[in-house]
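Residue-level structural notes
Each chain, written out:
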Amino acid sequence: MSTWNTSLTSLGKVVPFNPEREEAGGARGYFYSVMGMVLNANPVRQIVTRDGRNTNLSTIVIGDETRDFLTVTLWGQKAKWTETLGIGDLIVLHNIKFKTFRKQVAGNTTMYTSLYKLGAAASESPTPPTPIGTASHNNIINLTQLQPKHPWNKRVKELRRWARR
């Protein structure tokens, strides 16, 4: 099982990859772990990529108190993760990359991306994280429940307050 840094970046602090700026993570950009509330989840659709491959694609829109909305594109098999999400769900996306697309910051899944569902923002009680999808069996994170002193608890409370605004 891999070791995982539990730190989360607020949506307002992600830096989109810019091929002209070396400081934005170099040639590959940064991987981020973010927590947000699902504002919209679009159905899976099939597309043909620029190189002629058929693949699945779906998008979700998430938000937090630092950014009202941010679109994340889920590629390939990860696109099916949207089928388990509902508006108002709190989620953690691990190993997401961001870029500027149509003048907006947008996220994309990678082969390393994992998604965890933390329950509804409207809920008062803590919910054990549910792994919706992980990049591989080597990347499964053992988070059977958020213990009282888990670093994410404070963030979950902040997001729930923001969601009720």
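Nothing here was measured: the structure is a model prediction, and the numbers come from that model. (Residues numbered from 1 in each chain as written. Predicted model: local features only at pLDDT ≥ 70, side-chain atom pairs only at ≥ 80, totals over all residues. Heavy atoms only, no water.)

1. Here we look at the overall build of the protein
To keep things clear, this is the line we draw: Secondary structure elements follow DSSP: runs of H or I no shorter than four residues count as helices, runs of E no shorter than two count as strands, and numbering proceeds from the N terminus. For every residue, the accessible area obtained with a 1.4 Å probe (protein chains only) is divided by the maximum for its type, and the residue is called buried under 20%, exposed over 50%, and partly exposed between those limits. Residues are treated as being in contact if the distance between any of their heavy atoms lies within 4.5 Å.
Scanning the protein from N- to C-terminus turns up one helix and eight strands. Seen in sequence order, the protein has helices and strands lined up from the N terminus as β-β-β-β-β-β-β-β-α. Each of the 165 residues in the protein was classed as buried or not, and the buried ones make up 45%. The long-range share in the protein, meaning contacts at least 24 apart out of those at least 6 apart in sequence, stands at 59%.

2. Focus on helix α1 (residues 152-163)
Defined as follows: Helix span, as expected, comes to 1.5 Å for every residue beyond the first.
The first and last C-alpha atoms of α1 sit 16 Å apart over twelve residues, in line with the 16 Å expected at 1.5 Å per residue. The complete set of buried residues in α1 reads Trp152, Asn153, Arg155, Val156, Leu159, Arg160 and Trp162. Its buried side turned inward, α1 meets β1 (32-41), β3 (54-64), β5 (89-101) and β7 (114-120).

3. Examining the nonpolar core
How we decide: We call a set of buried Ala, Val, Leu, Ile, Met, Phe, Trp, Tyr and Cys residues a nonpolar core when their side-chain atoms join them within 4.5 Å.
Val34, Ile60, Ile62, Val72, Ile91, Leu93 and Phe98 are the most contacted members of the largest nonpolar core, which totals 17 residues. Among the elements that make up this core, the one with the highest residue count is β5 (four residues). Apart from residues no more than four positions distant in its own chain, Ile91 is found in contact with Val34, Met35, Gly36, Val38, Ile60, Ile62, Leu85, Leu115, Tyr116 and Lys117. By size, the runner-up hydrophobic cluster in this structure holds eleven residues, among which are Met37, Val92, Leu118 and Trp152.

4. Overview of the side chain of Ser58
For the record, the criterion: What qualifies as a polar contact is a pair of N or O atoms within 3.5 Å, subject to a donor-acceptor requirement within protein and to the restriction that residues adjacent in sequence count only when both atoms come from side chains.
With respect to the helices and strands, Ser58 occurs in strand β3. Here the side chain of Ser58 touches Asn42 through a polar contact of 2.5 Å, landing on its backbone oxygen. There is a polar contact of 3.2 Å between the side chain of Ser58 and the side chain of Thr82. Ignoring any residue separated from it by four or fewer positions in sequence, one finds Ser58 in contact with Asn42, Pro43, Val44, Val72, Thr73, Leu74, Ala79 and Thr82.

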